[in-house]
Amino acid sequence: MACRHPREMKLKVYADRMSQPSRAVIVFCKVNGIDFEEVRVDISKRQHLTPEFAEINPFAKVPAIVDGRFKLSESHAILIYLACAFPGVPDHWYPADLLRRAKIQSVLDWHHSNLRKGAVGYVLNSTLAPAFGLSLNPEAATKAAEVLSSSLSTIESIWLKGKGRFLLGGFQPTIADLSLVCEIMQLEVLDEKDRDRFLGPHKKVQEWIENTRKATQPHFDEVHKILMKAKMMLQARRTASGKAPLISKI
């Protein structure tokens, strides 16, 4: 691609691995052999709200990167930049073909207002809110569950339409596959029955998640270890308390 430029300093990736977009960026770097320094920003400790991090990203969100004198936030913009700026990244991640790129961009734009909105809203309001000093919100969880279920149906019927193993009929993963699958992985922290209620009806989605995972191993599992640890901790708490998970009414 024509947009490559020489490296001045090692890339810095500011991230929290409990953050879905952070994981996508870290997995991408590892899979593609990009030399980088991972700088942990612990959201649960509100490190993203410090004046120091505001110098990196004034929007106070992870991930963010610093490449020499260049700073960038927003995971999709970061993934596009990395695919273009670093030599050796295979074309399939963000193809040079303009039509393929436009299709990938359409999935990424759709993601923010649909899958991410539903997944974040449901997981936070049904499960993770107390970890951030917030209260569980059953009403908000119910609304988010509707968006999440609709989004998974859309992925299955539209984005996974065709014979390819990945989004848009592809036979190799793109940055859209990685971004969306890392988002769906957050459902791992839910009670197993609750998670299966969302993913169970969507066999193509389940196969696509596994295809993306396999295509990015061993890095995918390594980066998601923190999520699996959180999953086990939450399961242990549910067992100890004897409380049923908060399940929406849809």
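Residues numbered from 1 in each chain as written. Predicted model: local features only at pLDDT ≥ 70, side-chain atom pairs only at ≥ 80, totals over all residues. Heavy atoms only, no water.

### Some words on unusual backbone geometry
Leave glycine aside and you will find that most residues have negative phi; peptide bonds, for their part, are mostly trans. Cis geometry is found at the peptide bond from V62 to P63, where omega equals 5°. One can find P63 in the loop between α2 (51-54) and β3 (64-67). The omega torsion of the bond from Q217 to P218 falls at 0°, within 30 degrees of zero and hence cis. Phi at E74 is positive, roughly 75°, even though this residue is not glycine. Among the structural elements, E74 can be located in the loop between β4 (70-73) and α3 (75-85). Note on E74: relative accessible area 45%, which makes it partly exposed. (Helix = DSSP H or I, 4+ residues; strand = E, 2+ residues; numbered from the N terminus. Buried < 20%, exposed > 50% of the residue type's maximum accessible area, 1.4 Å probe, protein only.)

### Things to note about the packing of helix α6 (residues 138-159) against helix α9 (residues 203-215)
For the pair α6 and α9, interaxial distance at closest approach is 8 Å and the crossing angle is 80°. The pairing of α6 with α9 is recorded here as roughly perpendicular in orientation. Within the contact between the two elements, α6 uses L152, I155 and E156 and α9 uses K203, K204, V205 and W208. Split by residue class, the contact of α6 with α9 holds 4 nonpolar, no polar and 3 charged. (Axes fitted to C-alpha atoms, helices over the stretch in contact; angles between N-to-C directions. Parallel < 35°, antiparallel > 145°, perpendicular 65-115°, else oblique. Contact = heavy atoms within 4.5 Å. Nonpolar A, V, L, I, M, F, W, Y, C, P; charged D, E, K, R; others polar.)

### Let's talk about the sheet that holds β4
Here we have 4 strands laid out as an open sheet, ordered β2-β1-β3-β4, and mixed in their pairing. Taken across any chain shown, the strands that pair with only one partner, and hence form the sheet edges, are β2 (36-40) and β4. When strand polarity is set aside, the average angle formed by the axes of neighbouring strands in this sheet is 20°. Relative to β2, strand β1 (residues 11-15) is paired through 5 bridges, and the arrangement is parallel. Paired with L11 across the strands is F36, a residue of β2. Here α3 sits on the sheet in contact with β1, β3 and β4, set at roughly 135° to β4. (Pairing = 2+ DSSP bridges.)

### Considering the side chain of R17
In this fold, R17 is placed in the loop between β1 and α1 (20-31). Once you skip the residues sitting within four places of it in the chain, R17 turns out to touch R23, I26, K30, E38, E222, V223 and I226.

### Considerations on the UniProt feature "domain: GST N-terminal" (unreviewed entry) in the chain
Under the feature "domain: GST N-terminal" (unreviewed entry), the UniProt entry names residues 9-90. Secondary structure content for residues 9-90 is 33% helix and 22% strand, while the C-alpha to C-alpha distance between its ends is 22 Å. (UniProt positions renumbered as here; feature names shortened; annotations may be inferred.)

### Quick notes on the environment of N211
Structurally, N211 is set in helix α9. Separated by 38 residues in the primary sequence, N211 and P173 have C-alpha atoms spaced 8.6 Å apart. Setting aside its immediate chain neighbours within four residues, N211 contacts R165 and F166.

### Notes on the packing of aromatic side chains
Inspection of every chain in the model, using the stated rule, returns 5 aromatic pairs. Ring geometry for W110 against W159: centres 5.9 Å apart, planes inclined by 65°, an arrangement best described as edge-to-face. Residue W110 is located in helix α4 (residues 98-113), and its partner W159 is located in helix α6; the two are separated by 49 residues in the primary sequence. Overall, W159 belongs to the buried group, its relative accessible area being 13%. When the ring centre of F198 is taken as origin, the NZ or CZ atom of R197, which lies over that ring, is 4.4 Å away. (Phe/Tyr/Trp six-rings, centres within 6.5 Å; stacked < 30°, edge-to-face > 60°. Lys NZ or Arg CZ within 6 Å of the ring centre and 35° of its normal.)

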